[in-house]
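What follows is each chain in one-letter form.
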Amino acid sequence: MNVIFLGPNGAGKGTQAKLLQEREGLPQVSTGDILRRAMADPDSPLGTTARRFINRGELVPDDVMIEIIEARLREPDTTRGFVLDGFPRTIAQARALDDLLQAAGHAVDAVVYFEARPDTIVRRLSGRRLCRAAGHIYHVEFQPPVVEGRCDIDGSELYQREDDREETVRHRLSVYRRRTEPLVDYYRSRGILETIDAEADVEEVYRALTEILAARTR
Ligand code: AP5
């Protein structure tokens, strides 16, 4: 199954994509994680480009992102399905994805739209922490680690993303509304958009998500 997760920053897409990967074996393709790994390598040209845009809350240019996705979807783990988490984020990226999948004889089966209120988003982003080793996601209030400041899974240090500072968060949300929100109508008009209430707790959202995906595969 080829699924796209769409929705505002901090709505919980990454959290749910990681659960789906762990529990159902559907690979998570997170463009944010790919870019952050590149940014952690001081010698990576992609990391240098990404840093310029991400730390200001801007989108990385379409041509760079499309090249990343083309390469990632050629990897063998994605041949039996994937969850795209963070791509596409513009109409140009969505069109490029359509072409890419069509050329491979595939299609997008479902687009899950995570709906959450602006105040929820700001609260989730301001308390978010990630682990250095693998990007496992925590929240100081909603999903705290067992040992403060350490990842439960690999023990690595937890850190706050540079772009989760309040000023950058506000800018990211305005970029989302202008450049990414039009994708809701783009996919709704094709009849493949499913909306999920992302306000609920993590397990409740996961239950709703798996019900939606099960209904789509019936
Ligand atoms: P990316 O990493 O994709 O950031 P994003 O879309 O802004 O999404 P987030 O990671 O902020 O949020 P999320 O919805 O995954 O929420 P999460 O699960 O972490 O991209 C980063 C940057 O890279 C972009 O700004 C852009 O510059 C660039 N980029 C990436 N892809 C690009 C593209 N295609 N084109 C151009 N540029 C691109 O959850 C948030 C917090 O809430 C966590 O702390 C979590 O523990 C908590 N939480 C989650 N669910 C719940 C719940 N149900 N209840 C309570 N707390 C919850």
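The sections below set out a description of the structure shown in this document. (Residues numbered from 1 in each chain as written. Predicted model: local features only at pLDDT ≥ 70, side-chain atom pairs only at ≥ 80, totals over all residues. Heavy atoms only, no water.)

Notes on a negative patch on the surface
Piece 1. A surface patch of negative charge is lined by Glu 115, Asp 197, Asp 201 and Glu 204.
Piece 2. If you trace the backbone, Glu 115 turns up in strand β4 (residues 110-115).
Piece 3. The exposure class assigned to Glu 115 is partly exposed, which follows from its relative accessible area of 42%. (Patch = residues over 30% accessible without salt bridge, like charges linked within 9 Å, V, L, I, M, F, W, Y side chains within 5 Å. Areas by Shrake-Rupley, 256 points an atom, 1.4 Å probe, with all protein chains shown as cover. Salt bridge = Lys/Arg side-chain N within 4 Å of Asp/Glu carboxyl O. Lys, Arg positive; Asp, Glu negative; His and termini not counted. Charge placed at Lys NZ, Arg CZ, Asp CG, Glu CD. Helix = DSSP H or I, 4+ residues; strand = E, 2+ residues; numbered from the N terminus. Buried < 20%, exposed > 50% of the residue type's maximum accessible area, 1.4 Å probe, protein only.)

Thoughts on the site of the ligand
Piece 1. In the vicinity of the ligand, 35 residues are found, and the nearest of them are Thr 15, Glu 58, Arg 89, Arg 128 and Gln 143.
Piece 2. Ala 11 places a main-chain nitrogen or oxygen 3.2 Å from an oxygen atom of the ligand.
Piece 3. A distance of 2.8 Å separates a nitrogen atom of the ligand from a polar atom in the backbone of Gly 86.
Piece 4. Burial of the ligand by the surrounding chains reaches 96%, relative to a free accessible area of 1000 Å².
Piece 5. Looking at the shell around the ligand, the elements that each hand over two or more residues are α1 (13-24), α2 (31-39), α6 (118-126) and β6 (137-139).
Piece 6. Considering each element in turn, the shell around the ligand owes the most residues, four residues, to α2.
Piece 7. When grouped by side-chain class, the residues that make up the shell around the ligand number 14 nonpolar, 11 polar and 10 charged. (Near = heavy atom within 4 Å. Polar contact = N/O pair within 3.5 Å; in protein donor to acceptor, adjacent residues only side chain to side chain. Nonpolar A, V, L, I, M, F, W, Y, C, P; charged D, E, K, R; others polar.)

Purely spatial values, then, with no claim about function.
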